[in-house]
Amino acid sequence: MQRKMKRWEDVSLLAMNRLPAHSDFYRYKQIKEALEVTKEKSDGYQSLDGDWKFLYLQAPEYSPQHFEQAEFDIASLDTIAVPSCWQLQGYGNMHYTDVLYLIPLNPPYVPHENPTGIYFKDLVVENIAQDENIVLKFNGVDSAFDLFVNGQHAGYSKVSRLPSEFDITDLIHEGTNRLTVRVYQFSDGTYLEDQDMWWFSGIYRSVELFRHHKDTLQDVWIETIPDESYESFTFRINGSFWTDSIKKVDIQIYLNGKEQNSLAVGVEGGSFQATKEISKPLLWSAETPHLYTAVLQYDLPSGVSESVPVRFGFRSIEIKDNEMRVNGKRIFFNGVNRHDFNPDQGRTVTYEDMLQDVLLMKQHNINAVRTAHYPNQDVFYDLCDEYGLYVIDETDLECHGFENTGNYNWISDNEQWEKQYVDRAIRMVKRDRNHPSVIIWSLGNESGVGRNFTAMYDAIKKTDATRLVHYEGDRVAAYSDMYTTMYTRLNALEEIGQDAEGKKPHLLCEYGHAMGNGPGGLTEYQEVMRKYPRLQGGFIWEWYDHGIRKTDDEGNTYFLYGGDYGDFPTNGNFCIDGLVFPDRTPSPALIEYKKVIEPIVTEATAGNPFRVKLKNRYDFRNLKGIHLRIRVESFSELIEEVEVELPNLSAGEELEYNLPIDQAKALAHEEVWLRFIYSEPEATNYAEKGHPITRESFLVEMTKRNKTVKDLALTSKKHISVEETPVRLHLTSPHFQAEFSKVEGALISFALDGEKIIEEGPELTLWRASIDNDMYKRDAWLNKYFIKNAKEQMVSLEHHVGDGFVDVEIQKYMSSLNQAWGFNVRYHYRITSHGVLNLQLVGEKVSRGNEIPDMLPRIGINMKLNQAYNEVTWYGRGDSENYQDSKRSQPIGLYTKSVEELHTDYVYPQENGSRCDVSFLALSKGQQSILINFKEIRDFTIHDYEVAALEAAQHRGKIEKSPYNVLTVDYRQSGLGSNSCGEEQLPPYRVGVEDFEMTLEIRAIPKSNLIEESRFFVAR
């Protein structure tokens, strides 16, 4: 017996009674109101957001009899907020997957257990005119729904991330009307909506009511076509009315509220088209988002005049000479992928959320956004138009789960699904084609290949020939105007760049997976993409950590991810992969990305430290007038500060520049750094006056400090006493006490003037709390090489008392169980009678056999220190955390923070807080400091918890604290990479089984003498 297909499984059914897709616009009675373009003030507009009655069911078939009737009693039903995701309102189950569908793959059928929500709203409508139409608009419903009005079926629709409109004029009456909406979690559309995100359901975007004249404007779209010089443009406007009653439209074109041009258009058969040549308009680009407004005025048969504003920009997008060009100029994408997300409301986001996103993007030099992987709310494109972001507008289409079946193209190459694919694309295009920010249409994401993409491409080009079309899954660019890849490894990317002749331009639509602590290696990607003209940039994955906010009984806030709700199967914290934390706080990765994609590059010139090269990496903007502040610093001392305005430097050009500073004055100091801070000379719509665009720093090499040995008048050896037991070595003087274990071959404790400073260590470590980008190495590290279990074995311990010092030399072997590789390690301690502790640590690799890890997490030492010394001052990179493959944004300088402030609070706790290229650090308690001086620059982390506690914690605020601080000093720590979904750590940033040597010295100093004392070593 053949299975009966339900409405929500009917792949041949696009919708019922749904109105045709069209661009978003609003009607006003006056031009003044129209120019404000405020939807809430438009004529006939009413928001239906707010409280609705709600009934949750396990399947549509459980719907109560006559639920759609106006008389159905809803008084005792629950109340739910509209818009919202019902899983976050206490209904159904939270579930996160990356690839997997939550249903068996049996397209187009879905399980009989199909969670269903029925929404009820009593709507009062008064004064309905005979020539009035009443339209109900749902901006987003997941995944399909039926609409009933006063007991009558008013329509059916699907495609979760696109609006659906219904004319309910004939079903509504004056007075109270019952709106009933039955929403299905699963439908045939579910097979096309397998994006990497939480599975949310319900009416999650706004519901709106529009009352307008039956003859009014139905659609309008604007095109701008450049002349050969891209200076003047043809303005072309197209439109249609619901009837043929309107015969004329007057159009005025405004810029900043002032009329620039006008034209009158005749209307025939309800349609119109007109063109006008516009001489030298201000052009729209992401750097210069000049927006014009076309106001359409026409008289209705009733005698009422309507004014319809349409914002647009004069701009073109094309491929010319195998380059993507805006207004005739090659552009470069420094982009990001963005989902709709709010930590409390899921996929329900507010205008304020979207505005904050756009402002943060602009403030961090991002110029492009891909709406991954579906159309966003219409207002998001308004913001991109206004503030200036290039948009890849992506169809609500992803079929990723089919990849696991071995037949990735199951429905993408099936003609029965063709009109579903095309419908999703064309509705998006018709809604968004007036937005100048949208320069590329995307056919979707990770859905295999097939005939349906060809149909989408052809349909889009027929509907809108003015933009480019993108689809990453098209490996031969047959139905994509560019060659797009994702997570392409650096060597392969370089090969693409070299293979340019006659080839389509290339985009990385996803790279730099920003999961947890990372990504690293962005600088190398930027360098390769800037090197080859074929490569025109890329888009970081992704903008948000998709964590759901939770507050525990103690009032601590943390964020949940996949698996925290008992959801299975799940991809766990794979949704925590953004440049901003769930509360929209920038992560260290966003700070690094801002620097990597900086639009002004400053380079030192050979032979003259006071002459630099400036490169303008804007695509359109001249640097003239940008404010530059140059600070000349030595440690914490400001030697000189000058402010200048940048000279004329066109986009893409460079020049050399003599710095207007007092060179003699600078050269009279040590460790002189030239700091460059570029900032906006005036307030912009996204930032205040003085907003920093980028920064750069250079060391004047001839001022570099070389550390020397300070001669102390050492007291005689009688002031150091030695006491031995079979298991301990005790060393004391009037200034220090040190205890070594003769069994373990380790320093157990070290005290100065009776106060314990070191409570345990130093001890060699190869392990770090794994970062998400270690995920594909972690198993081998743990279960093949047992790196986490690596231990030192005692070989020998000897000591020698000299004149005012004592030497302790410890020989050890470090390896892990069942391993033939390891290190011969020598600790050489020298402790002076003054209490100066000097450690030289030498490791010699041992490579026996063939099973040797090609990468270690780190080679470093751990020390447990007195927690009272909680203030950390260091001379190295800061002040945000940094790692060797993610440190460009952090200049070398003198910084001070508390131990707590050196922790980065990742949603999923992991290795964090490193500071690189450190010459010395000091731990302070009041005016007392413990100086830790390095012979070579090193990296360090210091935390008030141990690695084991960090690994045991699964969420923020759940790390068990220690009664001491744990300092880790790295000979080297491996970089971050992007290998949770991308490039591994690049070779320069990989720590191997290799020889190493470290020298450091620990001594007490007055805090005020830190800079002076850091130039010296005492013990030798």
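So, a few notes on the structure that sits alongside this text. What you see is a predicted model, and the numbers here were worked out from it, not measured in a lab. (Residues numbered from 1 in each chain as written. Predicted model: local features only at pLDDT ≥ 70, side-chain atom pairs only at ≥ 80, totals over all residues. Heavy atoms only, no water.)

**Remarks on the overall build of the chain**
Counting its regular elements, the chain contains 12 helices and 59 strands. In summary, the chain has a C-alpha radius of gyration of 33 Å against a globular reference of 31 Å for 1020 residues, a match within 12%. A principal-axis box enclosing the C-alpha atoms of the chain has dimensions of 110 × 70 × 50 Å. The buried share of the chain, reckoned over its 1020 residues, is 62%. The long-range fraction of contacts in the chain, counting pairs at least 24 apart against all pairs at least 6 apart in sequence, stands at 72%. Accessible area for the chain stands at about 38100 Å²; split by element, carbon and sulfur atoms hold 46% of it. Each charge class in the chain can be summarised by its mean position, and for the 109 positive and 155 negative side chains these summaries are 3 Å apart. (Helix = DSSP H or I, 4+ residues; strand = E, 2+ residues; numbered from the N terminus. Rg over C-alpha atoms; globule rule 2.2 N^0.38 Å. Buried < 20%, exposed > 50% of the residue type's maximum accessible area, 1.4 Å probe, protein only. Contact = heavy atoms within 4.5 Å. Areas by Shrake-Rupley, 256 points an atom, 1.4 Å probe, with all protein chains shown as cover. Lys, Arg positive; Asp, Glu negative; His and termini not counted. Charge placed at Lys NZ, Arg CZ, Asp CG, Glu CD.)

**So, the sheet that holds strand β6 (residues 132-138)**
Read across the open sheet, the four strands follow the order β1-β14-β6-β10; overall the sheet is antiparallel. For this open sheet the edge positions go to β1 (45-47) and β10 (164-167), each flanked by a neighbour on one side alone. Between one strand axis and the next, the sheet turns through 20° on average, direction left out of account. Pairing of β1 with strand β14 (residues 207-213), which is carried by three bridges, proceeds in the antiparallel orientation. Each bridged residue has a counterpart across the sheet, and for Q46 the counterpart in β14 is L209. (Pairing = 2+ DSSP bridges. Axes fitted to C-alpha atoms, helices over the stretch in contact; angles between N-to-C directions.)

**Section: the nonpolar core**
Counting residues in each nonpolar core, the largest one holds 99 residues, and the members touching the most others are I366, Y421, L443, W543 and L579. Not counting residues up to four positions away in its chain, the partners in contact with L443 are T395, L397, F453, M456, Y457, I460, V469, H470, Y471 and Y479. (Core = buried A, V, L, I, M, F, W, Y, C linked by side-chain atoms within 4.5 Å.)

**A short note on the environment of N556**
You can see N556 is positioned in the loop between β33 (548-551) and β34 (557-560). Residue N556 is classed as partly exposed on the basis of its relative accessible area, which comes to 38%. Each C-alpha atom, one on N556 and one on R956, is 8.8 Å from the other, the two residues being 400 residues apart in sequence. Beyond its immediate sequence surroundings of up to four residues, N556 is in contact with K550 and T551.

**Points about a negative patch on the surface**
On the surface, D227, E228, E231 and E277 cluster together to form a negatively charged patch. When you line up the elements, E277 lands in strand β19 (residues 271-278). (Patch = residues over 30% accessible without salt bridge, like charges linked within 9 Å, V, L, I, M, F, W, Y side chains within 5 Å. Salt bridge = Lys/Arg side-chain N within 4 Å of Asp/Glu carboxyl O.)

**Some words on the packing of aromatic side chains**
Going through the model one piece at a time under the given rule, you end up with 52 aromatic pairs. Pairing F145 with F166 gives two aromatic rings, centres 5.9 Å apart and planes at 85°, and the pair type is edge-to-face. You can see F145 sitting in strand β8 (residues 144-149) and its partner F166 sitting in strand β10, a full 21 residues away along the chain. Like F166, F145 is buried. On the numbers, 6.1 Å between centres and 80° between planes, the contact of F380 with Y381 is edge-to-face. The class for F380 is buried, based on a relative accessible area of 0%. When its relative accessible area of 0% is taken as the criterion, Y381 is described as buried. Here the aromatic residues F54, Y56, W86, Y91 and Y119 are joined through ring pairs into a cluster of three or more. Note that R338 overlies the ring of F380, its terminal NZ or CZ placed 4.5 Å from the centroid. (Phe/Tyr/Trp six-rings, centres within 6.5 Å; stacked < 30°, edge-to-face > 60°. Lys NZ or Arg CZ within 6 Å of the ring centre and 35° of its normal.)

**Focus: the pattern of salt bridges**
Where side chains of opposite charge bring their charged atoms close, a pairing between them can arise. Taken as a whole and judged by the stated rule, the model has 81 salt bridges. Between D357 and R338 there is a salt bridge, with the nearest N and O atoms lying 3.0 Å from each other. Placement of the pair is D357 in helix α2 (residues 351-363) and R338 in the loop between β25 (333-337) and α2, with a sequence separation of 19 residues. Each member of the pair, D357 together with R338, is buried. A salt bridge links R826 to E809; the shortest N-O distance between them is 3.7 Å. Note that R826 is positioned in strand β50 (residues 821-832) and E809 in strand β49 (residues 805-815), a separation of 17 residues in sequence. Judged by relative accessible area, E809 falls into the partly exposed class, the value being 26%. Several salt bridges share partner residues, and in doing so they unite D142, R161, E193, R347, D396 and R424 into one network.

The analysis is restricted to geometry; functional conclusions fall outside its scope.
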